[in-house]
Amino acid sequence: MAEKKIIEQAYPSLNITQKTIDGILKRPSFFRGHVRTSIGRIYTTSEFKKRSDDVLGKSMP
């Protein structure tokens, strides 16, 4: 049986939904390290994509 290194594994894309944020708010102690994450103040995937497209769509001066 061949070993597969962690770096070689295929991971699914991260998809943050309102359900994900609700789960964070129920168990904030699992999400330590950043205050915004632990209090559920993070973008959903669709909000992040919209904001990213807006920012990247602007021309540089």
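Let us look at the structure shown here. (Residues numbered from 1 in each chain as written. Predicted model: local features only at pLDDT ≥ 70, side-chain atom pairs only at ≥ 80, totals over all residues. Heavy atoms only, no water.)

1. Considering the overall build of the protein chain
From N to C terminus, the protein chain includes 3 helices and 0 strands. The secondary structure elements of the protein chain, listed N-terminal to C-terminal, are α-α-α. For a compact globule of 61 residues, the expected C-alpha radius of gyration is about 10 Å, and the protein chain comes in at 16 Å, more than 25% above that figure. Overall, the C-alpha framework of the protein chain stretches about 55 × 35 × 20 Å when taken along its three principal axes. With 61 residues in all, the protein chain has 10% of them scored as buried. For the protein chain, the computed accessible surface area is about 6,100 Å², with 59% contributed by carbon and sulfur atoms. Between the mean site of the 12 positive side-chain charges and the mean site of the 6 negative ones, the protein chain shows a separation of 7 Å. (Helix = DSSP H or I, 4+ residues; strand = E, 2+ residues; numbered from the N terminus. Rg over C-alpha atoms; globule rule 2.2 N^0.38 Å. Buried < 20%, exposed > 50% of the residue type's maximum accessible area, 1.4 Å probe, protein only. Areas by Shrake-Rupley, 256 points an atom, 1.4 Å probe, with all protein chains shown as cover. Lys, Arg positive; Asp, Glu negative; His and termini not counted. Charge placed at Lys NZ, Arg CZ, Asp CG, Glu CD.)

2. Let's talk about the environment of Ile16
Along the polypeptide, Ile16 turns up in the segment before helix 1 (18-26). Its relative accessible area of 19% is what places Ile16 among the buried residues. Residues Ile16 and Thr45 lie 29 residues apart in sequence; the distance between their C-alpha atoms is 5.1 Å. Setting aside residues no more than four positions away along its own chain, Ile16 makes contact with Ile21, Ile42, Tyr43, Thr44 and Thr45. (Contact = heavy atoms within 4.5 Å.)

3. A short note on the side chain of Thr44
Examined against the element boundaries, Thr44 turns out to sit in the loop between helix 2 (35-38) and helix 3 (45-56). Setting aside anything within four residues of it in sequence, one finds Thr44 in contact with Ile16, Thr17, Gln18 and Ile21.

4. Overview of the pattern of salt bridges
Side chains that differ in charge, positive against negative, can pair when their charged atoms come close. According to the stated counting rule, one finds 2 salt bridges in the structure shown. For Lys49, the salt bridge identified is with Asp53, shortest N-O distance 3.5 Å. Remark: Asp53 and Lys49 occur in helix 3; sequence separation between them is 4 residues, near one turn of the helix. The exposed category is assigned to Lys49, whose relative accessible area is 52%. Across the pair Asp54 and Lys50 runs a salt bridge whose closest N-O atoms are separated by 3.8 Å. (Salt bridge = Lys/Arg side-chain N within 4 Å of Asp/Glu carboxyl O.)

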